[in-house]
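Each chain, written out:
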Amino acid sequence: MHKSLLAVLFLIAAPLLAGDAIFTLNDPRGDDYGTGRLQYPMSADYQKGDLDLVSVRAFRVSGGTQFEAKFARPIRQPERRTIDGIGTQLDQVARLGFYTFNLDIYVDTDGVAGSGSTTTLPGRGVMIDPATAWEKVISLTPDPQGARSELKRIVLRDERRRTEAEGRRVVSDETKDELRASVDDFVFFPTQVRVAGNTVSFFVPASFLGEPQKEWSYVVAVSGADIVQRLDQQNRLMRIGDASETLMTLPVATGRPTDRFGGAVEHDDYMPPLVDVIVPAGEDQKDVLSNYDTNAERAAVLKGVRAVWD
Amino acid sequence: MRFLRSTAILLVLLLVAAAGYGQQQQSTMNISGVTYTKWLWGNQRYDGSLYNFTNVPGEGWGDNGQGTEIELLVSAKPNRFLEVSGRIHSRFSQNFWTNFGGFGGSDGSCGDGNGGGDCGEFDSRSNQYVKLRGMTVRVTPGWKYMDAVTFGSTDLGMFDAFTMGKIRYIDRDNLNALMAQGSLTDNLRYDITRISLPRLWAGPNYGTGEFASDDSAYGLQLRWTGPVVDVTGIGQFVNDVEVDAGDIIVDDGRELTNRYENNVYGVKVDVHPSGPYAFRAAYYYSESNPNLTLTPAGFGPNGYSPVIADDVSDNAWKLNADITDPFGNGFSLNAEIFNIGADYLSILAARRESDVLLTEGRDATWAYPGPSNASYGVFGGNATRIGYSGWQGNMQQVATINVDNEFTDFDEPAAETVIGWKGFTIVPRWQRGNLEIAGEYTKIDYNTNWQAWGDPTRAIDNTIYPAAEIAGIGVGNPYRSAYAPFQDKTTDIALVRAKTTLNFGKGVDVFGKIKTIQEEDKRMNDARYLPYQSGDCPGGGVACANKQNFYSPGLSTGGGNGLYENPPVITVNGVTGYKWAPFDDLSDDDRDLDYMMFQLGAGYQLTDVIYGSLIYEYYDADLKDGNSAFQAYRLHELASGQHEKNKVIVLLKFPIGGAEAGFNYEYTFGEFQPDFGSGFVVQYADATTAKNVGVPVGSPGFAGRYGGWNSLATREFDHQHLKAYFKVRF
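These figures come from a predicted structure and were not determined experimentally. (Residues numbered from 1 in each chain as written. Chains lettered and ligands numbered in written order. Predicted model: local features only at pLDDT ≥ 70, side-chain atom pairs only at ≥ 80, totals over all residues. Heavy atoms only, no water.)

Caption draft 1: A look at the overall build of chain B. Each helix and strand in chain B was counted, giving two helices and 29 strands. Scaling as 2.2 N^0.38, a compact globule of 730 residues should have a C-alpha radius of gyration of about 27 Å, and chain B matches this with 28 Å. For chain B, long-range pairs separated by at least 24 residues make up 67% of all intrachain contacts whose partners lie at least 6 apart in sequence. Summed over all atoms, the accessible surface of chain B reaches about 27,500 Å², with 58% contributed by carbon and sulfur. (Helix = DSSP H or I, 4+ residues; strand = E, 2+ residues; numbered from the N terminus. Rg over C-alpha atoms; globule rule 2.2 N^0.38 Å. Contact = heavy atoms within 4.5 Å. Areas by Shrake-Rupley, 256 points an atom, 1.4 Å probe, with all protein chains shown as cover.)

Caption draft 2: Structural context of the confidence of the model for chain B. Residue and element names in this part refer to chain B. Within chain B, residue pLDDT values average 90, and 95% of them lie at 70 or more. Contacts of residues 1–6 to residues separated by more than four positions or lying in other chains number nine contacts, the stretch itself having pLDDT below 50. Counting interchain partners and residues more than four positions distant, the pLDDT-below-50 stretch residues 12–27 has 37 contacts. With a pTM of 0.89, the predicted complex shows an ipTM of 0.78. (pLDDT = per-residue confidence, 0-100.)

Caption draft 3: View of the pairing of strand E9 (residues 229–243) of chain B. Residue and element names in this part refer to chain B. Note: strand E8 (residues 216–225) against E9, 10 bridges, orientation antiparallel. Residue pairing for E9: Thr225 is matched across the bridge by Asp230. Where E8 hands over to E9, the hairpin turn is made up of three residues, counted between the paired strands. The sheet contact formed by E9 and strand E10 (residues 256–271) spans 15 bridges and is antiparallel. Within E10, the position partnered with Gly235 by the bridge is Tyr265. (Pairing = 2+ DSSP bridges.)

Caption draft 4: Quick peek at the environment of Val204 of chain A. Residues and elements named next belong to chain A. Secondary-structure assignment places Val204 in strand E9 (residues 199–205). For Val204, a relative accessible area of 0% gives the class buried. In this structure, the C-alpha to C-alpha distance between Val204 and Asp185, residues 19 residues apart in sequence, is 13 Å. Setting aside its immediate chain neighbours within four residues, Val204 contacts Gly64, Thr65, Phe67, Ile138, Phe188 and Leu209. (Buried < 20%, exposed > 50% of the residue type's maximum accessible area, 1.4 Å probe, protein only.)

Caption draft 5: View of helix H4 (residues 173–186) of chain A. Residue and element names in this part refer to chain A. The end-to-end C-alpha distance of H4 is 20 Å, a good match for the 20 Å that 14 residues give at a rise of 1.5 Å each. For H4, the full list of buried residues reads Thr175, Glu178, Leu179, Ser182, Val183 and Phe186. Across the axial projection of H4, the buried residues extend over an arc of 145 degrees, all falling on one side. Residues Asp173 and Glu174 are exposed on H4 and point more than 90 degrees away from its buried face. (Expected span 1.5 Å × (residues − 1). Arc of directions from axis to C-beta.)

Caption draft 6: Layout of the state of the cysteines. Residue and element names in this part refer to chain B. In the structure shown here, the tally under the stated rule is one disulfide over all chains. The disulfide partner of Cys537 is Cys544, and the S-S distance across this bridge is 1.9 Å. The S-S bond linking Cys537 to Cys544 shows a torsion near 115 degrees; that makes this disulfide right-handed. Across the pair, exposure class does not vary: Cys537 and Cys544 are buried alike. (Disulfide = S-S within 2.5 Å.)

Caption draft 7: Seen up close, the side chain of Asp588 of chain B. All names here are of chain B. Residue placement: Asp588 occurs in the loop between strand E21 (575–578) and strand E22 (591–605). Although buried, Asp588 forms no salt bridge, and the nearest oppositely charged side chain, Lys624, lies 7.2 Å from it. Of the polar contacts made by the side chain of Asp588, one reaches the side chain of Asn627; its length is 2.9 Å. Once residues within four sequence positions are removed from consideration, Asp588 is found in contact with Pro582, Phe583, Gly626, Asn627, Ala629 and Phe630. (Lys, Arg positive; Asp, Glu negative; His and termini not counted. Salt bridge = Lys/Arg side-chain N within 4 Å of Asp/Glu carboxyl O. Polar contact = N/O pair within 3.5 Å; in protein donor to acceptor, adjacent residues only side chain to side chain.)

Caption draft 8: Here's a closer look at the packing of helix H3 (residues 144–165) of chain A against H4 of chain A. Residue and element names in this part refer to chain A. In contact at an axis separation of 9 Å, H3 and H4 are set at 140 degrees when each is read in the N-to-C sense. On the basis of the axis angle, H3 is oblique to H4. The way H3 lies across H4 gives a crossing that is right-handed. For the pair H3 and H4, the contacting residues are Arg148, Leu151, Lys152, Val155, Leu156 and Glu159 in the first and Thr175, Lys176, Leu179, Arg180, Val183 and Asp184 in the second. (Axes fitted to C-alpha atoms, helices over the stretch in contact; angles between N-to-C directions. Parallel < 35°, antiparallel > 145°, perpendicular 65-115°, else oblique. Left-handed = near helix turned anticlockwise from the far one by under 90°.)

Caption draft 9: Summary view of the packing of aromatic side chains. Enumeration according to the criterion identifies 40 aromatic pairs over all chains in this entry. For the ring pair Phe23 of chain A and Tyr218 of chain A, a centre distance of 4.9 Å and an interplane angle of 35 degrees mean the geometry is tilted. Residue Phe23 of chain A is located in strand E1 (residues 20–26), and its partner Tyr218 of chain A is located in strand E10 (residues 217–224); the two are separated by 195 residues in the primary sequence. A single burial state applies to Phe23 of chain A and to Tyr218 of chain A, both of which are buried. Taken together, a centroid distance of 6.5 Å and an interplanar angle of 80 degrees make the contact between Trp366 of chain B and Tyr595 of chain B edge-to-face. Taken together, the residues span a long stretch of sequence, with Trp366 of chain B in the loop between strand E13 (331–340) and strand E14 (396–398) and Tyr595 of chain B in strand E22 at a distance of 229 residues. Accessibility expressed as a relative area gives 3% for Trp366 of chain B, which makes it buried. Each residue in the set Phe23, Phe67, Phe202, Tyr218 and Trp309 of chain A is aromatic and connected to the rest through ring pairs, giving one cluster. The side chain of Arg91 of chain B reaches across the aromatic face of Phe407 of chain B, ending 5.1 Å from its centre. (Phe/Tyr/Trp six-rings, centres within 6.5 Å; stacked < 30°, edge-to-face > 60°. Lys NZ or Arg CZ within 6 Å of the ring centre and 35° of its normal.)

Caption draft 10: Geometry of the nonpolar core. One finds Phe162, Ile195, Leu348, Tyr483, Phe486, Tyr595 and Tyr633 of chain B to be the most contacted residues of the largest nonpolar core, which totals 92 residues. Sequence-distant contacts of Tyr595 of chain B, that is, excluding residues within four places in its chain, are made with Asp363, Trp366, Val475, Lys515, Thr516, Ile517, Gln518, Tyr619, Asp620 and Ala621 of chain B. Residues Leu38, Ile105, Leu151 and Ile154 of chain A belong to the second largest nonpolar core, which totals 73 residues. (Core = buried A, V, L, I, M, F, W, Y, C linked by side-chain atoms within 4.5 Å.)

Caption draft 11: Seen up close, the environment of Ile234 of chain B. All names here are of chain B. Here Ile234 lies in strand E9. By relative accessible area, Ile234 is classed as buried at 5%. Remark: the alpha-carbon pair of Ile234 and Ser183, spanning 51 residues in sequence, is separated by 15 Å. In contact with Ile234, not counting residues within four places along its chain, are Asp160, Thr163, Met164, Leu220, Gln221, Val264, Tyr265, Gly266 and Lys268.

Caption draft 12: The arrangement of the pattern of salt bridges in detail. Residue and element names in this part refer to chain B. Here the structure, examined in full by the defined rule, presents 51 salt bridges over all chains. Among the ionic pairs, Asp147 bridges to Arg189, the shortest N-O distance being 2.9 Å. Separated by 42 residues along the polypeptide, Asp147 in the loop between strand E4 (130–139) and strand E5 (148–154) and Arg189 in strand E7 (residues 188–196) bring together distant segments of the chain. Neither Asp147 nor Arg189 differs from the other in exposure class; each is buried. A salt bridge links Lys515 to Asp363, with the shortest nitrogen-to-oxygen separation between them at 2.9 Å. Remark: Asp363 occurs in the loop between E13 and E14 and Lys515 occurs in strand E19 (residues 508–521); sequence separation between them is 152 residues. One network of salt bridges, with partners in common, ties together Arg362, Glu416, Glu519, Arg523, Arg591 and Asp625.

Caption draft 13: View of the sheet that holds strand E26 (residues 683–684) of chain B. Ordered by their spatial adjacency, three strands build an open sheet running E26-E27-E28 (chain B), and the pairing between neighbours is antiparallel. Two strands lie at the open edges of the sheet, namely E26 and strand E28 (709–711) of chain B, each paired on one side alone.

Caption draft 14: Examining H3 of chain A more closely. Here H3 of chain A spans 31 Å end to end across 22 residues, near enough to the 32 Å set by a 1.5 Å rise per residue. In the stretch just after H3 of chain A, Gly167 of chain A is the one whose phi turns positive, near 90 degrees.

Caption draft 15: Just a nonpolar patch on the surface, in detail. Residues and elements named next belong to chain B. A cluster of nonpolar side chains, Ile70, Leu72, Ile88, Val130, Leu132, Met135 and Phe730, forms an exposed patch at the surface whose accessible area comes to about 610 Å². Looking at the nonpolar patch, the elements that each hand over two or more residues are strand E2 (65–79) and E4. Within the element layout of this structure, Ile70 appears in strand E2. (Patch = residues over 30% accessible without salt bridge, like charges linked within 9 Å, V, L, I, M, F, W, Y side chains within 5 Å.)

Caption draft 16: Main features of the pairing of E10 of chain B. Residue and element names in this part refer to chain B. Relative to strand E11 (residues 277–290), E10 is paired through 12 bridges, and the arrangement is antiparallel. Its bridge partner being in E11, Gly266 is matched across the sheet by Tyr284. Count of turn residues in the E10/E11 antiparallel hairpin: five residues.

As structure tokens, then:
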């Protein structure tokens, strides 16, 4: 009995052990405008500064790495309010304590140009520079289980399309299992998250990321989360295309919508819906995110950043 | 080897997914939809509709049945300046699967809206009718000073819960308005709107009169956003007019006369420097001016209207401080001081789905008077609707008496009025790793603490205040009742809650809470208001003399039009005495609540997609809420006694691609041991009483002034209900 009690107390106390700071990635305050034209939705759920990333810090803790992202304004916490016609509560869906943003970290762990992936998660609308192609992605999202499930579905669906394009119709169970497992190998959706004021902290196990190294580089991108709109059809009217393909990313559109980011030019389909990204020193976020070509079907390209180690 | 193959597959597929992003935005028109299927089950065996609760006349409530709603969404973007959207939506209402498509006529049992979906093919409640909803045209002209002009539906989400708040009634965008939004400078934004005033509820007597089509509200909001300080100013002007009945010459048109005016002004300041300290202040001032020749000029003790029957003005304000981890040790503090005037009135303030105060307030399981959550359970035919369990969770606070919890199920949040509240809340919070511990202490005093409705020159049954179910009755407080004829009340709320994740398996979310509410209400605290003269009822089987006591010339709380009446002398089983205790002491109506609740729960990701929770809650309330002389103002079940309530809740969530399934089962059981004091002869329920109010024949109790029955028997409650749903987007 006493041993069980001690075990429970240890499990509670383990996370309390403070970690050592490893590194910091800083980002200018006030640059939550994406390409420079991106505007927040005209909605009470968003206000200028809400998605303005100020810094990302990493701490070494027992069993992995604790990341801490700081924003310019206090993080909006999900209220207990009904968000659809069946009575779903926002705080039941966004159980982690935030609901307005996704924070993606693409980690280049091998430092080898051309090694890794240059794509980004669905809906983000950008590519990664091959020089810092990633091996691991950490995606902090309000509904990690939903996002993980959704990503697996997208991967399987695309495999089915690819298979059909090759004249075959059936995707083998072995391939399906392998694809599902590969999502877990390369993409991690944190579930141990805490929100305090302007800061959100999340734990990434060493079993996924390993021990951070000074040679690693990071692409950090903040996007709007589509968790409310995904669930509330009343606020989802002007969605263009299949919302599920955007992996809970709030898209960008023309004008000044209430349920998407505004500021796009008509048919400017490659304007990325990213609000704030960390770019290398000497580069301007507006230039980086605006460097796409819709006519040539070329997305903007983000380059990894080396962290400043403490 | 497997690693390499997986890598290759994943990278290719993600490339496909990313490329698809640019190809999905060619469409300019979109038709989509969602369908909700709901399954209700409960042991109350009501089947009046597929919602657990409503007060709306003619609408039903229930806890059993299966049904389906469909919502078709149509949106188009004819050009880059225009967006058009709308929905066609059916309602659950009484459209049960068992209707077999809604064919056939009514069997005549659906008049009160609780007829179990058999109103037939020609009744909109059960013929699967669909309605146009949310029709909106948005123009985004791209002008420097104007971002958008909106015609049609809106949820007013851009405004403010104290002035023009979110107002759901089935939909969240029932309101229709003309609205312009834009920026005057980089930092100064504006919203200006003309709202067509909802005739259903937005005025005295829950309406806007006979000539409703021109009734309107104008709103202006200016928001200045700076790096450290945000300032918002709001003005709202409601104008409800009628055709002047005195203008009988129609040749030159007809004049209008005012029915109701409501002007509200507000200013909010939000200071948020980059450090750990942030401060917010909000001040609102309202003027409410009903035309008393066209609207109710007064109410009895339980009047129903969202508007005070007089020209009134008042203010509401609050100050907030948010201190986030100033010492880097995980300790944070939120504090709030608030003062909501008794006469503060904004007819368009948020009616629900907002939470204007920091406190978590009372618990929603006790949202209605009486032990069983009955609306008027002391009389027959007014049995509980939502049931003994009430709603789940704690109440949300809204700054209006026009609270609306209509068409909700037990798993949705319920709202309560905070009109008249003043006090403060402190919420310390400590977070470290996965552990969060938070507390709350709230002290509430009331601007509605008064005697004889605050005006001893009026008769006690003629007040300007619409009290609805009357404030302060029962374990909780009737959710839309801010006023009582006599009140001298203070409330203290204290709680500690904690949550963490234990590193078992995928991580077990564990959470718990312990909460106490201490509430005292002396109600009548001045002997001048006692209904009868001292010694009027001598006891010993001697009849009362019925000599009234007058608090003002000709005005008494006793007698025919008063709140209280002396009891007759009766004999039951050889015992002779008063039918109920005479109201002869100021303590006869005293309220003293000693309340505690305890919650412990755990949640776990059972599979990749299924998240489950198991929650246990225990409630214990030791309540003195007046004695048999008080009789809960003659209207409600007396709730004095010992209450124990237990809840076991099982929750499951199951998202599957474009669909979501959910399951919420709640088993509530408990006991109420009445204690109505002494000084009366115990009576026993005859067959008629037993049938009317649902008690055993021969069980003890007493009949009140109007024949309502208060049972003295210990009541054992056993309430189960569940809600399961399946939601599919297509």
